[in-house]
Amino acid sequence: MRVIVTGGAGYIGSHACKALAEAGHEPVALDNFTTGHRWAVKWGPLAEVDLNDRRGVLAAFREYQPDAVMHFAALSIVGDSVNQPDLYYRTNVSGTLNLFEAMTQTGVERFVFSSSCATYGETNEMPLTEASPQMPLNPYGQSKMMVEQMLKDLSAAGDCGATALRYFNAAGADPDGETGEDHDPETHLIPIILQAASGRRSHISVFGSDYDTPDGTCVRDYVHVSDLARAHVAALETTTRGEFRAFNLGTGHGHSVREVIESARRVTGRSFDVREAERRAGDAPLLVADASKAKAELGWSPQFTELDDIVRTAWHWMERDTKAGSAA
Ligand code: UFG
């Protein structure tokens, strides 16, 4: 299948392009390079388009005539979404409507959506299943849930078939070192710790040590980005018109901030300064996936099950001397 991958120059999108190419599909990266990188487009052509450019999106669909869409392009910093909700709704919701329009006009029927555990919000029910209540705590999660709702309606109307993949904490990098995580500014825990380990950052701040968790720090389910990419291919190949499906993607194991710091110490062999800091607004104490539905229905299970192995791939990526990113 030829697949338009929005956000194909980004962190998860570029790993998905690689997984698609390896599975015999043809990815076309559609990106505006707000957060993506030119060096990350390696597995197929590039359509340089902003999702808010309605005509540009349609022109790309006319040019490439895709069979399917994988939609990663979105703004994704939770704190920013609280301060600039209009920007988040315009990009994540209105931009997606432009995609739907282009799909309808060019007869594309398969859609795989990059959703998030941020659609669940706070609950005592852990691990989270797909049936857990969706009550987003912030505009970012809300924008992802709105798109899921639109996909349900469009699928029910017979316009397309859609699969929403609700991932937990994407982490790590391509084991072959061909792509990886490179955000600016970086807000994610693992790359921040590794920046401290490599001396690029003076210290790591632990946001909150008084949560109701075993060691008082927040617990997350870190899932390897290449495992996520494989799940997208499985979802693509089984999405059928008229049907909406949603799957959690995680390992089912939670790790606290302190455990991630210890893992980084083991993997890097470096010591670095760790400071306790205030809680970060909007953080849920504990987010762990029940991903048994993806296993049963997509035949997906993560190959990276150990946190150290996930952290090691991120460390190898960060330690590349001539990182392609520095040349972009
Ligand atoms: N953390 C620190 N110090 C840091 C950075 C993070 O202690 O310098 C903590 C956070 O407070 C949190 C944990 O590490 O408890 C993980 O934080 P990340 O920012 O790496 O990830 P989040 O869980 O906040 O966010 C991820 C995705 C979002 C998604 C969200 C769903 O990055 O896109 O999960 O909750 F919305």
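Residues numbered from 1 in each chain as written. Predicted model: local features only at pLDDT ≥ 70, side-chain atom pairs only at ≥ 80, totals over all residues. Heavy atoms only, no water.

- The name that an unreviewed UniProt entry assigns to the protein chain is UDP-glucose 4-epimerase, with the source organism given as Parvularcula marina.
- The UniProt entry for the protein chain carries the following text under Cofactor (unreviewed entry): "NAD(+)".
- UniProt annotates the protein chain under Pathway (unreviewed entry) with the comment "Carbohydrate metabolism; galactose metabolism." (UniProt positions renumbered as here; feature names shortened; annotations may be inferred.)

## Some points on the side chain of Ser-114
Here comes step 1: On the secondary structure map, Ser-114 appears in strand β5 (residues 110-116).
Here comes step 2: On the basis of relative accessibility, which here comes to 8%, the residue Ser-114 falls in the buried class.
Here comes step 3: Of the polar contacts made by the side chain of Ser-114, one reaches the side chain of Tyr-167; its length is 2.5 Å.
Here comes step 4: Once residues lying within four places of it in the same chain are set aside, the contact partners of Ser-114 are His-71, Phe-72, Lys-144, Leu-165 and Tyr-167. (Helix = DSSP H or I, 4+ residues; strand = E, 2+ residues; numbered from the N terminus. Buried < 20%, exposed > 50% of the residue type's maximum accessible area, 1.4 Å probe, protein only. Polar contact = N/O pair within 3.5 Å; in protein donor to acceptor, adjacent residues only side chain to side chain. Contact = heavy atoms within 4.5 Å.)

## A word on unusual backbone geometry
Here comes step 1: Following Met-126, the chain continues to Pro-127 via a peptide bond in cis, the omega torsion being 5°.
Here comes step 2: For Pro-127, the position within the fold is in the loop between β5 and α5 (139-156).
Here comes step 3: In this model, Asp-184 is joined to Pro-185 through a cis peptide bond whose omega is 5°.
Here comes step 4: Tracing the sequence through the fold places Pro-185 in the loop between β7 (169-171) and α6 (189-197).
Here comes step 5: With a phi close to 65°, Phe-33 is a non-glycine residue in the positive phi region.

## Re the domain arrangement of the protein chain
Here comes step 1: Along its sequence, the protein chain is carved into domain 1 (2-168 + 224-249) and domain 2 (189-220 + 252-288 + 303-327).
Here comes step 2: Using only C-alpha atoms to locate each centre, domain 1 and domain 2 end up separated by 26 Å.
Here comes step 3: Taken together, the contacts link eleven residues of domain 1 with twelve residues of domain 2.
Here comes step 4: Counting each side, the surface lost to burial between domain 1 and domain 2 is near 1100 Å², with a carbon and sulfur contribution of 67%.
Here comes step 5: When residues of domain 1 are sorted by the area they lose upon contact with domain 2, Trp-39, Met-126 and His-224 head the list and together hold 48% of the total.
Here comes step 6: Counting across the interface, domain 1 meets domain 2 through four residue pairs in polar contact (both at pLDDT 80 or more).
Here comes step 7: Here the residues of the side of domain 1 that touches domain 2 are counted per class, giving seven nonpolar, one polar and three charged. (Domains from an automatic or database assignment. Buried area = accessible area lost by both parts, 1.4 Å probe. Nonpolar A, V, L, I, M, F, W, Y, C, P; charged D, E, K, R; others polar.)

## Looking at the nonpolar core
Here comes step 1: In terms of nonpolar packing, the biggest core is built from 31 residues, with Met-70, Leu-165, Leu-249 and Trp-300 touching the most fellow members.
Here comes step 2: Those elements that provide at least two residues to this core are β1 (2-6), α1 (11-22), β4 (68-71), β6 (161-167), α7 (225-238), β11 (244-249) and α9 (292-298).
Here comes step 3: Not counting residues within four places of it along the chain, the set of residues in contact with Trp-300 comprises Val-223, Asp-227, Arg-230, Ala-231, Leu-249, Gly-250, Ala-291, Ala-294 and Lys-295.
Here comes step 4: Listed in part, the 27 residues of the second largest apolar core include Val-49, Met-103, Phe-113 and Val-147. (Core = buried A, V, L, I, M, F, W, Y, C linked by side-chain atoms within 4.5 Å.)

## With respect to the site of the ligand
Here comes step 1: Around the ligand sit 22 residues in total, of which His-188, Ser-205, Arg-220, Arg-280 and Asp-283 are the nearest.
Here comes step 2: Here Leu-189 contributes a backbone N or O atom positioned 2.8 Å from an oxygen atom of the ligand.
Here comes step 3: The separation between an oxygen atom of the ligand and a polar side-chain atom of Arg-220 is 2.7 Å.
Here comes step 4: Coverage of the ligand by the protein chains reaches 90% of its 680 Å² of free accessible surface.
Here comes step 5: Those elements giving two or more residues to the shell around the ligand turn out to be α6 and β8 (203-207).
Here comes step 6: Tallying contributions element by element places β8 first for the shell around the ligand, with four residues.
Here comes step 7: Here the shell around the ligand spans two domains, since at least three of its residues come from each of domain 1 (2-168 + 224-249) and domain 2 (189-220 + 252-288 + 303-327). (Near = heavy atom within 4 Å. Areas by Shrake-Rupley, 256 points an atom, 1.4 Å probe, with all protein chains shown as cover.)

## A short note on the UniProt feature "domain: NAD-dependent epimerase/dehydratase" (unreviewed entry) in the protein chain
Here comes step 1: Look at the UniProt record and you will see "domain: NAD-dependent epimerase/dehydratase" (unreviewed entry) annotated at residues 3-250.
Here comes step 2: Between the first and last C-alpha atoms of residues 3-250 the distance is 24 Å; the span itself is 37% helix and 20% strand.

## Details of the pairing of β4
Here comes step 1: Side-chain alternation along β4 places Ala-68 and Met-70 on one buried face and Val-69 and His-71 on a second face that is also buried.
Here comes step 2: As defined by bridge partners, β1 adjoins β4 across four bridges and the pair is classed as parallel. When the bridges of β4 are listed, Thr-6 appears paired with His-71.
Here comes step 3: Relative to β5, β4 runs parallel, the two sharing four bridges. Looking at the pairing, Met-70 lines up with Val-112 of β5. (Pairing = 2+ DSSP bridges.)

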